[in-house]
Every structure is written in C-alpha cells, then in structure tokens.
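Residue strings, one per chain:
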Amino acid sequence: MQTVAVIDYGMGNLHSVAKALEHVGAGKVLVTSDAAVIREADRVVFPGVGAIRDCMAEIRRLGFDSLVREVSQDRPFLGICVGMQALLEHSEENAGVDCIGLFPGQVRFFGKDLQEDGEHLKVPHMGWNEVGQTNDHPLWHDIPDRARFYFVHSYFIEAGKPSQVVGRGHYGVDFAAALAEGSRFAVQFHPEKSHTHGLQLLQNFVAWDGRW
C-alpha cells in the first residue's frame, strides 16, 4: 500500500486534506512532522493557511525548507494554498518574507483598492472562482477547463517562469492558480474544499507517477 505524507508544521487544514485523500483512495495517509516518515512516503502533500511569516518561521525551525526541496525532487509532491506560496522565492506579506524558492516568482498583495469594472472587490478573495488550464497536465485529467475551485487568499502569485503556470485565475488581476515542474504541482485553491473537481484533482494526484 502506498503512503501519502501530509506535512504537519502546525499551519494548515491538515485533517480535512487527509480525509479528502482517504476518500479518493490514497492508501495510508499520514499527517506527520517526522522527517523520516516524510522521506519514506511515496507522495507528499504540503498544505498551509495563515500568515506566511509564521509559516516560514516554523518551516525553517523544523528544517522543512531543505526537506521540501529534497522530497519534491523524486516523487509526486502537492503544495496547497500557503503551502504553494511558501514554494516561491519571496512574499511581500509582513514587509517581506523570503520563502523556499523552488519556483521563481513573487507573492503579491491584492491591495486595499482592488477593482473590477469600477466595482470594489473584497480582500481576501474568498469563494469559488474559475481556473483556466494554460498547460496540459496529468492532474487536470477529467477536470474541464474553467472548472471552479474554492479560494481563500489575500495574496496572489506572480510567477517568474510562465512555462510553469498550468492554471490561471482572475480576481481583479490575473494570477497563477497552479504551478508545475517535474514531480512538483502546487495550487492556490483548496482542492479538499472544492467538491467534485477538487476531489478529482486529488484522485489524479494519487494516481500520478510524478512525470510531466
């Protein structure tokens, strides 16, 4: 039976992610902060919610920045929400925070005066939004282009390498909703809260061999 490690650094909807993975037949799902268990897992999920400064402080304290670099190279790896943002180079949240740097690019604030067609948009961006598939990827299998997923975020990703962007969203500005390279895939939305399409993405992750 394959094992899926959900990295626990104290910041994330860990059990809802784990339950969703179990629901789609992921095998043995382990919510863990044990580096040895994470290294032994067949697949790794890296969720996150909250302030990026607090997240990065815990990630570095636990040595998970180097662990994430290591385990994401040779097996299917999925970053979710702030777990995705932590994979970028830098976030402008809290006057600026250096992140893990697996993907080039920046995490930007939507702004207090975000508008669309003259209408003020609330920040955080919270709710359902379409994701346009900008690149074919195994994790999009059986998910229609412009399917809707559930988002909760005040900061968005400005990707440094357009070829890594496999999904785009729009909320006042265009932003990278999904990034991929090699065995790494990361999403700004919450698949575990996105009903049918979110569960399909997690099922695709469970079946994925990590090649792209």
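Residues numbered from 1 in each chain as written. Predicted model: local features only at pLDDT ≥ 70, side-chain atom pairs only at ≥ 80, totals over all residues. Heavy atoms only, no water.

In the annotation of an unreviewed UniProt entry, the protein chain is listed under the name Imidazole glycerol phosphate synthase subunit HisH and assigned to Pseudomonas xantholysinigenes. The UniProt entry for the protein chain carries the following text under Pathway (unreviewed entry): "Amino-acid biosynthesis; L-histidine biosynthesis; L-histidine from 5-phospho-alpha-D-ribose 1-diphosphate: step 5/9." Quoted verbatim from the Subunit (unreviewed entry) field of the UniProt record, the comment on the protein chain reads "Heterodimer of HisH and HisF." (UniProt positions renumbered as here; feature names shortened; annotations may be inferred.)

Draft legend 1. Main features of the pairing of strand β10 (residues 125-133). When β10 meets strand β11 (residues 147-153), the two strands line up antiparallel, connected through seven bridges. Opposite W128, over in β11, you have Y150 as the bridge partner. (Pairing = 2+ DSSP bridges. Helix = DSSP H or I, 4+ residues; strand = E, 2+ residues; numbered from the N terminus.)

Draft legend 2. Region of the structure containing the UniProt feature "domain: Glutamine amidotransferase" (unreviewed entry) in the protein chain. Sites flagged by UniProt as "domain: Glutamine amidotransferase" (unreviewed entry) map to residues 6-206. In the segment residues 6-206, helix accounts for 25% and strand for 34%; the C-alpha atoms at its two ends are 13 Å apart.

Draft legend 3. Broad picture of helix α4 (residues 64-71). Of all the positions in α4, only F64, D65, L67, V68 and V71 are classed as buried. Down the axis of α4, the buried set is contained in an arc of 165°. They therefore lie on one face. Looking at the buried positions of α4, the neighbouring elements they touch are β1 (3-7), α2 (35-40), β3 (43-46), α3 (52-61) and β4 (77-80). (Buried < 20%, exposed > 50% of the residue type's maximum accessible area, 1.4 Å probe, protein only. Arc of directions from axis to C-beta. Contact = heavy atoms within 4.5 Å.)

Draft legend 4. Expanded view of the packing of helix α1 (residues 14-23) against helix α6 (residues 195-207). At a closest axis distance of 9 Å, the pairing of α1 and α6 adopts a crossing angle of 70°. In terms of orientation, α1 lies roughly perpendicular with respect to α6. Touching A20, L21 and H23 of α1 are L199, L202, F205 and V206, all from α6. For the contact of α1 with α6, the class distribution of residues is six nonpolar, one polar and no charged. (Axes fitted to C-alpha atoms, helices over the stretch in contact; angles between N-to-C directions. Parallel < 35°, antiparallel > 145°, perpendicular 65-115°, else oblique. Nonpolar A, V, L, I, M, F, W, Y, C, P; charged D, E, K, R; others polar.)

Draft legend 5. Here's a closer look at the state of the cysteines. Counted under the stated rule, the structure contains zero disulfides. Between C55, a cysteine without a disulfide, and C81, which holds the nearest cysteine sulfur, the sulfur-to-sulfur distance is 9.1 Å. Overall, C55 belongs to the buried group, its relative accessible area being 0%. There is no disulfide at C99, and the cysteine sulfur nearest it, in C55, is 9.4 Å away. (Disulfide = S-S within 2.5 Å.)

Draft legend 6. Up close: the nonpolar core. Ranked by internal contacts, the top residues of the largest apolar core, which has 73 residues, are L21, V45, F46, L87, W140 and F185. With sequence-adjacent residues up to four places away left out, F46 is seen in contact with I7, Y9, I59, V68, F77, L78, G79, I80, G83, A86, L87 and I100. (Core = buried A, V, L, I, M, F, W, Y, C linked by side-chain atoms within 4.5 Å.)

Draft legend 7. View of the packing of aromatic side chains. All told, the structure shown has 12 aromatic pairs when counted by the stated rule. Judged by centre distance (5.7 Å) and plane angle (75°), the rings of F110 and Y171 are edge-to-face. Taken as a pair, F110 in the loop between β7 (105-109) and β8 (115-116) and Y171 in strand β13 (residues 165-171) lie far apart in primary sequence, 61 residues in all. Y171 shares its class with F110; the two are buried. (Phe/Tyr/Trp six-rings, centres within 6.5 Å; stacked < 30°, edge-to-face > 60°.)

Draft legend 8. Quick peek at unusual backbone geometry. With an omega of 15°, the peptide bond running from V123 to P124 counts as cis. Checked against the element boundaries, P124 lands in the loop between β9 (119-120) and β10.

Draft legend 9. Quick look at the UniProt feature "active site" (unreviewed entry) in the protein chain. Within this structure's numbering, the places UniProt gives as "active site" (unreviewed entry) are C81, H190 and E192. A stretch of 112 residues holds the annotated residues, and the largest C-alpha distance among them is 11.0 Å, short enough that they meet in one place. Within the fold, H190 resides in the loop between β15 (184-187) and α6. The exposure class assigned to H190 is buried, which follows from its relative accessible area of 3%. Its location among the elements puts E192 in the loop between β15 and α6. Within the local environment of E192, its side chain forms a polar contact with the side chain of H190, the two groups lying 2.8 Å apart. (Polar contact = N/O pair within 3.5 Å; in protein donor to acceptor, adjacent residues only side chain to side chain.)

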